[in-house]
Amino acid sequence: MALDRKTPNDLAAFWMPFTANRQFKAAPRLFVGAKDMHYTTHDGRQVLDGTAGLWCCNAGHCRPKITEAIQKQAAELDYAPAFQMGHPAAFELANRVIDIAPDGMEHVFFTNSGSESVETALKIALAYHRARGEGSRTRLIGRERGYHGVNFGGISVGGIVTNRKNFGTLLAGVDHLPHTHLPDENRWTRGQPEHGANLADDLERLVALHGADTIAAVIVEPIAGSTGVIMPPKGYLEKLRAITRKHGILLIFDEVITGFGRTGAAFASQFYGVTPDMMTTAKGLTNGVIPMGAVLTTAEVHDAFMDGPEHMIELFHGYTYSGNPIASAAGIATLDTYKEEGLFERCAEIAPYWADALHSLKGTRHVIDIRNEGLIGAIELEPIAEAPTKRAFSAFLAAYEKGVLIRTTGDIIAMSPPLIIEKDQIDQLIGTVREVLESLD
Ligand code: PMP
């Protein structure tokens with residue numbers, strides 16, 4: 001596709017998300033095709049996908065089985081009302097998700113995105129306590145440096161200042177646990193860091209401050225992705241689980257990026273051996289192909305409504321596209337692909353090679369820390385004092401020119417390739433990052 005870079009006004013109408021539109025439109029980067037591990041750019045180049053799109057195309061791109069399932073469903077049943085009506089594919093997908101979920105997760109509420117999954121889980125938490133006669137539990141607890149999407153609940157419990165500051169007072173009654181990024185203690189860690197489990201004890205402080213009977217839920221990402229890939233310190237998630245259980249507080253894991261094989265297990269909850277009361281998911285559920293998310297809950301959470309007072313018999317929440325037939329078909333074909341190709345196991349198998357390649361960047365110019373888990377990697381760069389984030393963003397642009405897609409958040413390069421990545425592609429990805437960093441000021 002020819003693109004005249006001299007006429008950026010051709011691109012004017014689309015107000016792009018999380019993008020400096022003026023800069024982008026002056027020098028646009030467009031993808032026009034994709035296959036397996038590669039994107040094709042508008043100027044005809046192949047770009048190796050080091051990020052699985054946005055942590056979502058876990059099976060790689062344009063997989064025929066998923067494409068065909070979508071085409072078939074679109075021709076057969078395009079849409080069914082989501083309320084008071086159903087269709088078989090949504091029920092089948094719910095069962096299939098539960099088949100691979102941690103023991104104890106038994107029900108699925110469908111949404112259209114990670115952000116909607118988060119809003120849904122927070123609302124379920126509040127209504128759950130009400131259904132059980134504990135309506136005083138209205139407080140929500142998130143974590144500094146947490147990312148839970150962009151809707152009001154998500155930015156309230158989230159801990160990214162730039163995502164919050166333009167949008168008023170947000171939800172009332174929200175507290176944040178401290179983040180667990182301890183660079184001095186945990187630098188160059190492979191997998192889970194040694195230090196920081198005690199940071200979960202801050203939850204006891206909040207319980208003492210407000211009273212457990214006012215707190216509905218705690219939400220954290222098992223691995224915080226968007227704020228620089230922060231792995232949970234050893235023992236941290238276990239502590240959170242123990243404290244929430246002790247005080248009757250629901251624990252929600254936001255598994256939007258860690259779900260569907262990214263750590264080498266289906267979900268990070270299984271990888272770390274800690275089961276929450278609810279899990280939020282999206283992205284890899286449909287391989288990123290059709291927007292869809294899902295909240296997973298225990299029977300206890302779900303049954304509070306089924307067995308609760310008559311006025312709570314339904315949640316009074318849902319979306320026109322909850323469990324949409326085409327999204328459900330995409331989800332089923334995606335889970336088939338993961339299973340048939342053993343992609344979660346493949347991720348676990350290749351993870352040590354990935355970790356070695358990534359940590360070989362220690363000593364490369366500007367690199368001050370490296371972290372990894374499963375097929376996740378982060379390379380933290382020394383920030384330029386007067387222009388934080390600039391160095392990492394320059395690395396992203398230079399890597400793109402050299403045919404490799406990486407992502408940056410602050411001064412951290414974050415990578416999360418599709419789970420089908422081969423060893424020589426890992427070498428290309430890491431080799432290109434090395435070259436780029438050595439050449440940057
Ligand atoms: N939660 C987490 C942990 C995420 O990483 C993301 C997206 N990166 C979201 C929620 C929001 O998902 P979406 O962009 O689909 O709304």
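Residues numbered from 1 in each chain as written. Predicted model: local features only at pLDDT ≥ 70, side-chain atom pairs only at ≥ 80, totals over all residues.

Going by an unreviewed UniProt entry, the protein chain carries the name Beta-alanine--pyruvate transaminase and comes from Phaeovulum vinaykumarii. In UniProt, the protein chain has this text filed under Cofactor (unreviewed entry): "pyridoxal 5'-phosphate". A UniProt comment under Sequence similarities (unreviewed entry) is attached to the protein chain, and it reads "Belongs to the class-III pyridoxal-phosphate-dependent aminotransferase family." (UniProt positions renumbered as here; feature names shortened; annotations may be inferred.)

This next bit is on the domain arrangement of the protein chain. By a widely used convention, the size of an interface equals the accessible area lost when the partners come together. Its domain assignment divides the protein chain into domain 1 (8-59 + 342-439) and domain 2 (66-340). A straight line from the C-alpha centre of domain 1 to that of domain 2 covers 26 Å. Each side of the interface is counted separately: domain 1 has 30 residues, and domain 2 has 28 residues. At seven residues, helix H14 (residues 343-359) tops the list of elements feeding residues into the side of domain 1 that touches domain 2. In terms of residue class, the side of domain 1 that touches domain 2 is built from 17 nonpolar, eight polar and five charged. (Domains from an automatic or database assignment. Contact = placed C-beta atoms within 7 Å. Helix = DSSP H or I, 4+ residues; strand = E, 2+ residues; numbered from the N terminus. Nonpolar A, V, L, I, M, F, W, Y, C, P; charged D, E, K, R; others polar.)

This paragraph deals with the pairing of strand S3 (residues 46-49). Where strand S2 (residues 38-41) and S3 come together, three bridges link them in antiparallel fashion. Bridge assignment links histidine 38 to a residue of S3, and that residue is leucine 48. What sits between S2 and S3 in their antiparallel hairpin is a turn of four residues, with glycine 44 showing a positive phi close to 85°. Pairing between S3 and strand S13 (residues 404-405): two bridges, direction parallel. Note on S13: the bridge partner recorded for aspartate 49 is leucine 405. (Pairing = 2+ DSSP bridges.)

With respect to spatial proximity, 14 residues lie near the ligand, and among them Ser113, Gly114, Ser115, Gly149 and Val256 are the closest. In terms of residue count, helix H5 (residues 114-131) provides more of the shell around the ligand than any other element does, three residues in total. The class makeup of the residues in the shell around the ligand is five nonpolar, seven polar and two charged. (Near = placed C-beta within 6 Å.)

Strand order across the open sheet formed by four strands is S1-S2-S3-S13, with mixed pairing between neighbours. Only two strands of the sheet have a single partner each, and these edge strands are strand S1 (31-35) and S13.

Here the focus is the nonpolar core. Considering soluble globular proteins, one finds that nonpolar side chains tend to be buried as a cluster. Of all hydrophobic cores here, the largest spans 122 residues; its most connected members are Ala217, Val218, Ile252 and Ile413. Each of domain 1 (8-59 + 342-439) and domain 2 (66-340) contributes no fewer than three residues to this core. Apart from the residues within four sequence positions on either side, isoleucine 413 is in contact with Ala378, Ile379, Leu381, Ala392, Ala395, Ile406, Thr408 and Val433. (Core = buried A, V, L, I, M, F, W, Y, C linked by C-beta atoms within 7 Å. Buried ≥ 20, exposed ≤ 12 C-beta atoms within 10 Å, placed from the backbone.)

Running from N to C, H5 and helix H12 (residues 299-306) cross one another at 55°; their axes reach a closest spacing of 9 Å. When the axes of H5 and H12 are compared, the pair comes out oblique. At the point where H5 passes H12, the crossing takes the left-handed sense. Along its contact with H5, which presents Ile124, Tyr128 and Ala131, the element H12 presents Val301, Ala304 and Phe305. (Axes fitted to C-alpha atoms, helices over the stretch in contact; angles between N-to-C directions. Parallel < 35°, antiparallel > 145°, perpendicular 65-115°, else oblique. Left-handed = near helix turned anticlockwise from the far one by under 90°.)

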